[in-house]
Amino acid sequence: MQENKKNFIKLVNEKISNKNLKYSILTMGCQLNENDSEKMAGMLEKMGYSEISDYKNADLVIFNTCCVRENAEERLFGKIGEIKKIKESRNVILAIGGCMMQEDGMLQKIKKSYPFVNVIFGTHTMQNLPENIYKAIIENEKVKDVIDIDGEIYEGLPIKRNDKFKASVTIMYGCNNFCTYCIVPYVRGRERSREPEKILEEVKALAKDGYKEVTLLGQNVNSYIGNNKIKNFAELLNEVCKIDGIERIRFISPHPKDFTDDVIEAIANNEKICKIIHLPLQSGNSKVLKEMNRKYTKEQYLELVDKMKKRITNVVFSTDIIVGFPGETDEEFEDTLDVARKVNFEQIFMFIYSVREGTVAAKMEQVSEDKKHERFEKLKDLYDSRVDENNEKYLNTVQKLLIEGKSKNNNEMFEGRTDTNKVVIFRPNSENKIGDIVCVKITETHKWYLKGEIVK
Ligand code: SAH
Ligand code: SF4
Ligand code: F3S
């Protein structure tokens, strides 16, 4: 973090440190936004604020927004209304940041309809937060800090992480793919990769702090560009695997078009890399995929899956699917069901296509709401009908779990996740602690969780 930016942390701290002020951040959207929020929290703590979970009781509220689907706006405006009411009776600073603030016209809309918002900031100016808060609380300024050029990558921002044993590490920012339905490239800018050394430094620091699991984040992680020494995503994965203490490595999201053999080798050769691969499908029909600008066909996707199934022992897949993309016919949607059946996804994140103004697909002929919902239900039914059968394969196997906490429904049981992200509950022995990795034999399957017995 640059010295002049750090100075504002100090300046705010001098003004508020004895006032016991509380902050709360409400994060909408994906894990990249979550990771940004962790950095905002890190800066706020250094400024002298402490966290409170209910934003209705906070002195400083940040909404970190997402705009990947339509309904997010309504939700945000509702929340702003809630804060307006609170502002009538006491002093609250409201800052709104994140992807939605980068959308065309949004800054003006908020300025006009919600003039009481203290700070509006975008995805490229997060590191100015201390300065912006300073201006808002000391100079009583209404700050607008949204720029449309790709921000530099700021290293060394303080961070307050949500978990103690698993952490996310952003390895690249932005996206160059311009899938025709998607707004992310417009609000997050072009791809920028972090220096590999900085990433490895961060993961080593996590290992030293007792973290066991890291998830490498980016909109398209396998188009990561390193330097002369660590050139690409496969080499980065291999280096991260060498770090002692980190026992599990995940990454999201890779793009099927960039899934090169060296990445497959890295996964196959490193025990630490979790054997659930998130491989966004979006549609199973080649014509729809072309119109989505995904740059692969149904056949290429299935070939990639087959290649990985052959090379990587016990690999399973999760995916993102959009139903009702403009022009999608019933027959074309059948291809999506067909791929879902063939791959047998462990997990499917299903989305109903949502029009995003400014994207190419917004101008195409739309599918009716009824059709979209009908297809969504069909896909969900297919997935649900496979869950029990998919769970059966775990019976009597020994699985490694990272213990995440006590089971929510039964205080005497612990809960953990397999490397394929399945929740398992088990009765702990006296030595087991949260954050340990243990071996558990699966004895029972239930729809949304498994039950097991500790082996060691
Ligand atoms: N970069 C990642 C994910 C980005 S957004 C990737 O390419 O996989 C997360 C998911 O939201 C996408 O995978 C897609 O399935 C969904 N999504 C994006 N835009 C959407 C839209 N306009 N309507 C519905 N779902 C959308
Ligand atoms: Fe959006 Fe496609 Fe980029 Fe993913 S790869 S963020 S879906 S444009
Ligand atoms: Fe949403 Fe921005 Fe992530 S639009 S999905 S929070 S990159």
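Starting afresh in each chain, residues are numbered from 1 along the sequence in its written order. Chains and ligands are labelled sequentially in the order written, the chains with letters from A and the ligands with numbers from 1. Where local features are concerned, this predicted model is filtered to residues with pLDDT of at least 70; where side-chain atom pairs are given and counted, the filter is 80 or more; whole-chain, interface and lining totals use all residues. With hydrogens and water stripped out, all remaining heavy atoms of the structure feed into the side-chain values.

A. Focus on the overall build of the protein chain. Strands here mean DSSP runs of E at least two residues long; helices mean DSSP runs of H or I at least four residues long; both are numbered from the N terminus. Helix and strand content of the protein chain: 13 helices and 19 strands. Computed over its C-alpha atoms, the radius of gyration of the protein chain comes to 23 Å, within 12% of the 23 Å expected for a compact globule of 456 residues. Dimensions of the protein chain, computed from the C-alpha atoms along their principal axes, are close to 60 × 60 × 50 Å. Expressed as a percentage of its 456 residues, the buried residues of the protein chain come to 54%. For this analysis, residues touch if any pair of their heavy atoms sits within 4.5 Å. Here the contacts in the protein chain between residues at least 6 apart in sequence split such that 74% fall between residues at least 24 apart. The method behind every accessible area is Shrake-Rupley, applied with a 1.4 Å probe, and residues are considered shielded solely by the protein chains displayed. Carbon and sulfur atoms form 47% of the exposed surface of the protein chain, whose accessible area is close to 21,100 Å². Here the protein chain contributes 73 positive and 73 negative side-chain charges, whose respective centroids are spaced 3 Å apart. We compute the radius of gyration from the C-alpha atoms alone; for a globule the expected value is 2.2 Å times N to the 0.38, where N is the number of residues. Throughout, exposure labels follow a simple rule: accessible area from a 1.4 Å probe, protein chains only, divided by the maximum for the residue type, with under 20% read as buried, over 50% as exposed, and the rest as partly exposed. Charge assignment in this entry is limited to Lys and Arg as positive and Asp and Glu as negative, and neither His nor the chain termini are counted. Positions of charges follow a simple convention, taking NZ of Lys, CZ of Arg, CG of Asp or CD of Glu.

B. Just the sheet that holds strand E7 (residues 166–170), in detail. Overall, parallel pairing links the three strands, which are arranged E7-E10-E11 in an open sheet. The sheet terminates laterally at E7 and strand E11 (248–252), the two strands that pair on one side only. Averaged over neighbouring strand pairs, the angle between their axes works out to 20° when direction is ignored. Strands qualify as paired when DSSP identifies two bridges or more between them. Here E7 runs beside strand E10 (residues 213–217); their pairing, made up of five bridges, is parallel. The residue bridging Ala167 from the neighbouring strand is Val214, located in E10. In the packing of helix H7 (residues 196–208) onto the sheet, contacts are made with E7 and E10, and the angle to E7 comes to roughly 170°. Axis lines are fitted to C-alpha atoms, over the contacting stretch for helices. Their N-to-C directions set the angle, which ranges from 0 to 180 degrees. Along the sheet, helix H8 (residues 233–241) contacts E10 and E11; its crossing angle with E11, the most-contacted strand, is approximately 155°.

C. Quick look at the pattern of salt bridges. Every case where a carboxyl oxygen of Asp or Glu lies within 4 Å of a side-chain nitrogen of Lys or Arg is listed as a salt bridge. The full count for this structure, using the stated rule, is 38 salt bridges. Note that Glu202 is salt-bridged to Arg194, the shortest N-O span being 2.8 Å. We note that Glu202, like Arg194, is buried. Residues Lys408 and Glu415 are paired through a salt bridge, measuring 3.1 Å at the closest nitrogen-oxygen approach. Each member of the salt-bridge network shares a partner with another, and the members are Glu38, Glu155, Arg161, Arg194 and Glu202.

D. Expanded view of the pairing of E11. Of all the five residues making up E11, four are buried; the element is thus mostly covered by neighbouring parts of the structure. Pairing of E10 with E11 involves five bridges; the strand directions are parallel. Within the sheet, the bridge partner assigned to Glu213 lies in E11 and is Arg248. A crossover links E10 with its parallel partner E11, the connecting element being H8, and its sense is right-handed. Here a crossover is taken to be right-handed if, once the strands point away from the viewer, the path from the first strand over the helix to the second is traced clockwise.

E. Looking closely at unusual backbone geometry. That bond from Ile252 to Ser253 is cis: its omega, -10°, falls within 30 degrees of zero. Assignment of secondary structure puts Ser253 in the loop between E11 and helix H9 (261–269). Phi is positive for Asn314, close to 55°, though the residue is something other than glycine. Judged by relative accessible area, which is 66%, Asn314 ranks as exposed. Its identity is not glycine, yet Asn344 carries a phi of approximately 60°, on the positive side. Inspection of the secondary structure assignment puts Asn344 in the loop between helix H12 (330–343) and strand E14 (347–352).

F. Just the site of ligand 3, in detail. Near ligand 3 the following residues occur: Gly29, Cys30, Asn33, Cys66, Cys67, Val68, Cys99, Arg188 and Gln219. Amino acids are sorted into nonpolar (Ala, Val, Leu, Ile, Met, Phe, Trp, Tyr, Cys and Pro), charged (Asp, Glu, Lys and Arg) and polar (every other residue, Gly among them). Taken together, the residues of the shell around ligand 3 sort by class into five nonpolar, three polar and one charged. Any residue with at least one heavy atom within 4 Å of a molecule or strand is counted as near it.

G. Representation of the domain arrangement of the protein chain. Under the domain assignment, the protein chain is made up of domain 1 (3–145), domain 2 (166–392) and domain 3 (398–454). Centre-to-centre separation of domain 2 and domain 3, based on C-alpha positions: 26 Å. Considering only the surface of domain 2 that becomes buried against domain 3, Lys212, Arg248 and Asn391 emerge as the three largest contributors, covering 37% of it. Across the pair Lys400 and Glu271 runs a salt bridge whose closest N-O atoms are separated by 3.5 Å. As used in this structure description, the phrase polar contact means that two N or O atoms lie within 3.5 Å; if the pair is within protein, one of them must be able to donate a hydrogen and the other to accept it, and residues adjacent in sequence are counted only when both atoms belong to side chains. For the pair domain 2 and domain 3, the interface holds eleven residue pairs in polar contact (both at pLDDT 80 or more). Annotation comment: domain bounds sourced from an automatic or database domain assignment. Computed with a 1.4 Å rolling probe, the buried area is the accessible surface lost when two parts are put together, summed over both parts.

H. Highlighting H8. For H8, the full list of buried residues reads Phe233, Ala234, Leu236, Leu237, Val240 and Cys241. Looking straight down H8, one finds that the buried residues subtend no more than 160° of arc, so they occupy a single side. On its buried face, H8 is in contact with H7, E10, E11 and H9. A side-chain oxygen of the first residue of H8 lies 3.3 Å from the backbone nitrogen of Ala234; this N-cap is Asn232. To obtain the arc, one takes the directions from the helix axis to the C-beta atoms.

I. Representation of the nonpolar core. Among the buried residues, those of types Ala, Val, Leu, Ile, Met, Phe, Trp, Tyr and Cys that are joined through side-chain atoms within 4.5 Å form a nonpolar core. By size, the foremost hydrophobic cluster in this structure holds 72 residues, and its most contacted members are Phe233, Phe251 and Phe259. A total of six residues in this core trace back to one element, the largest contributor, which is H8. Apart from the residues within four sequence positions on either side, Phe251 is in contact with Thr215, Leu216, Val221, Phe233, Leu237, Phe259, Ile267, Ile273 and Ile277. The next biggest cluster of nonpolar side chains, apart from the first, holds 29 residues, and it includes Phe63, Ala72, Val92 and Ile96.

J. A look at the pairing of strand E15 (residues 398–406). Strand direction decides the pairing type here: E15 and strand E18 (residues 437–445), joined by five bridges, are antiparallel. Each bridged residue has a counterpart across the sheet, and for Leu401 the counterpart in E18 is Val438. Pairing analysis gives four bridges linking E15 to strand E16 (residues 414–417), with the strands arranged antiparallel. Opposite Gly405, over in E16, you have Glu415 as the bridge partner.

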